[in-house]
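Structural features, examined
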Amino acid sequence: TAKVERGTIVSSVSVSGQMLNANVVNVTTSASGVVKQVFITERDSVVKGGKIAEIELDSAGQQKNASAWSSYLSSKNTLDAAKTTSYSLQSDMLTKWKTYYELATNSTYQKSDRTPDETNRTAAEFHIAKDDWLAAESKYKNQEQVVIQGQAALNNAWLTFQQSSPVVYAPISGIAHNL
């Protein structure tokens, strides 16, 4: 034991080995042509989405870029149509739910204590309304998956378009090296 006194604590840590930077990203493009302008130099700070270079596309590059833009627009139209269909199917589902609910809660199919009248619920009218609602719900849920797939296709088409673009953008923020 020792008497407590004020002082400075010195602590050091020693480490050996290699340092690995996990945020190193190679910038690539599928555009073909001649580099027209480079907007950054070695050790410049770059911001994600900032311009790095511009390429004067050759005819193959122009064709690839135009095709990628066409695919993007097609994917966008497909997604918009899928969303429109989803809205219609949702409306149909809710309408059929309302029909089923009103039928299930009327005095023929529900007792005065608000419990189901199982005897009457065997009628075809009741099962048809229930099945119509369940089928409409299933169609709506399936269409929601079509919308999700359409969004993924749109994202993919956009990335393909960006890769063929005459402008090369920074994929992440950081410091430019090895230009």
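Note that the coordinates shown come from a computational prediction; the quantities given were computed from them, not determined experimentally.

**Some words on the packing of aromatic side chains**
What the rule picks out here adds up to 10 aromatic pairs. With 5.4 Å between their ring centres and 40° between their planes, Trp158 and Phe161 make a pair best called tilted. Here the residue Trp158 and the residue Phe161 both occupy positions in helix α2 (residues 124-164), the gap between them amounting to three residues, near one helical turn. On the basis of relative accessibility, which here comes to 33%, the residue Trp158 falls in the partly exposed class. Take Phe161: its relative accessible area is 15%, and that puts it in the buried class. Clustering of aromatic rings is evident, with ring pairs tying together Trp97, Tyr100, Tyr101, Tyr109, Phe126 and Trp133.

**Things to note about the sheet that holds strand β4 (residues 167-169)**
Here three strands make up an open sheet; going across it, the order is β1-β3-β4 and the pairing antiparallel. The sheet is open, and its two edges are formed by β1 (33-38) and β4, each paired on a single side. Adjacent strand axes in the sheet meet at a mean angle of 30°, parallel and antiparallel pairs treated alike.

**Concerning the pattern of salt bridges**
For the structure shown, the criterion picks out five salt bridges. In this structure, Lys76 engages Asp80 in a salt bridge whose closest nitrogen and oxygen atoms are separated by 3.6 Å. Here the residue Lys76 and the residue Asp80 both occupy positions in helix α1 (residues 59-104), the gap between them amounting to four residues, near one helical turn. Its relative accessible area of 35% is what places Lys76 among the partly exposed residues. Of the charged contacts, one joins Lys141 and Glu137 as a salt bridge, the two residues approaching to 3.9 Å between their closest N and O atoms. Here Lys141 pairs with Glu137, and both are found in helix α2, just four residues apart, close to one helical turn. For Glu137, a relative accessible area of 21% translates into the label partly exposed.

**What about the nonpolar core?**
Core analysis: the biggest nonpolar cluster contains 11 residues, these being Leu89, Met93, Tyr100, Leu103, Ala104, Tyr109, Phe126, Ala129, Trp133, Ala136 and Tyr140. Only α1 and α2 provide two or more residues apiece to this core. Setting aside anything within four residues of it in sequence, one finds Leu89 in contact with Lys139, Tyr140 and Gln143.

**Re the pairing of strand β3 (residues 51-57)**
Burial runs high along β3: five of the seven residues are buried. Bridge count for β1 against β3 is five bridges, and the pairing is antiparallel. Across the sheet, residue Gln37 finds its bridge partner in β3, namely Glu54. Sheet analysis places β3 next to β4, joined by three bridges and oriented antiparallel. Across the sheet, the residue bridging to Ala53 is Val168, located in β4.

**Some thoughts on the side chain of Asp117**
Tracing the backbone through its elements, the reader meets Asp117 in the loop between α1 and α2. One buried charged side chain, Asp117, makes no salt bridge at all; its nearest oppositely charged neighbour is Lys111, positioned 5.7 Å away. Polar contacts involving the side chain of Asp117 include one to the side chain of Asn120, which spans 3.1 Å. When neighbours within four sequence positions are excluded, Asp117 is seen to be in contact with Thr108, Tyr109, Gln110 and Lys111.

**A few points about the packing of α1 against α2**
Two elements in contact, α1 and α2, have axes separated by 7 Å at closest approach and are oriented at 165°. Accordingly, the angle class assigned to the pair α1 and α2 is roughly antiparallel. Considering only the axes of α1 and α2, their crossing is left-handed. Residues of the contact of α1 with α2, tallied by class, amount to 23 nonpolar, 11 polar and 11 charged.

Cut-offs used in this document
Residues numbered from 1 in each chain as written. Predicted model: local features only at pLDDT ≥ 70, side-chain atom pairs only at ≥ 80, totals over all residues. Heavy atoms only, no water. Phe/Tyr/Trp six-rings, centres within 6.5 Å; stacked < 30°, edge-to-face > 60°. Helix = DSSP H or I, 4+ residues; strand = E, 2+ residues; numbered from the N terminus. Buried < 20%, exposed > 50% of the residue type's maximum accessible area, 1.4 Å probe, protein only. Pairing = 2+ DSSP bridges. Axes fitted to C-alpha atoms, helices over the stretch in contact; angles between N-to-C directions. Salt bridge = Lys/Arg side-chain N within 4 Å of Asp/Glu carboxyl O. Core = buried A, V, L, I, M, F, W, Y, C linked by side-chain atoms within 4.5 Å. Contact = heavy atoms within 4.5 Å. Lys, Arg positive; Asp, Glu negative; His and termini not counted. Polar contact = N/O pair within 3.5 Å; in protein donor to acceptor, adjacent residues only side chain to side chain. Parallel < 35°, antiparallel > 145°, perpendicular 65-115°, else oblique. Left-handed = near helix turned anticlockwise from the far one by under 90°. Nonpolar A, V, L, I, M, F, W, Y, C, P; charged D, E, K, R; others polar.

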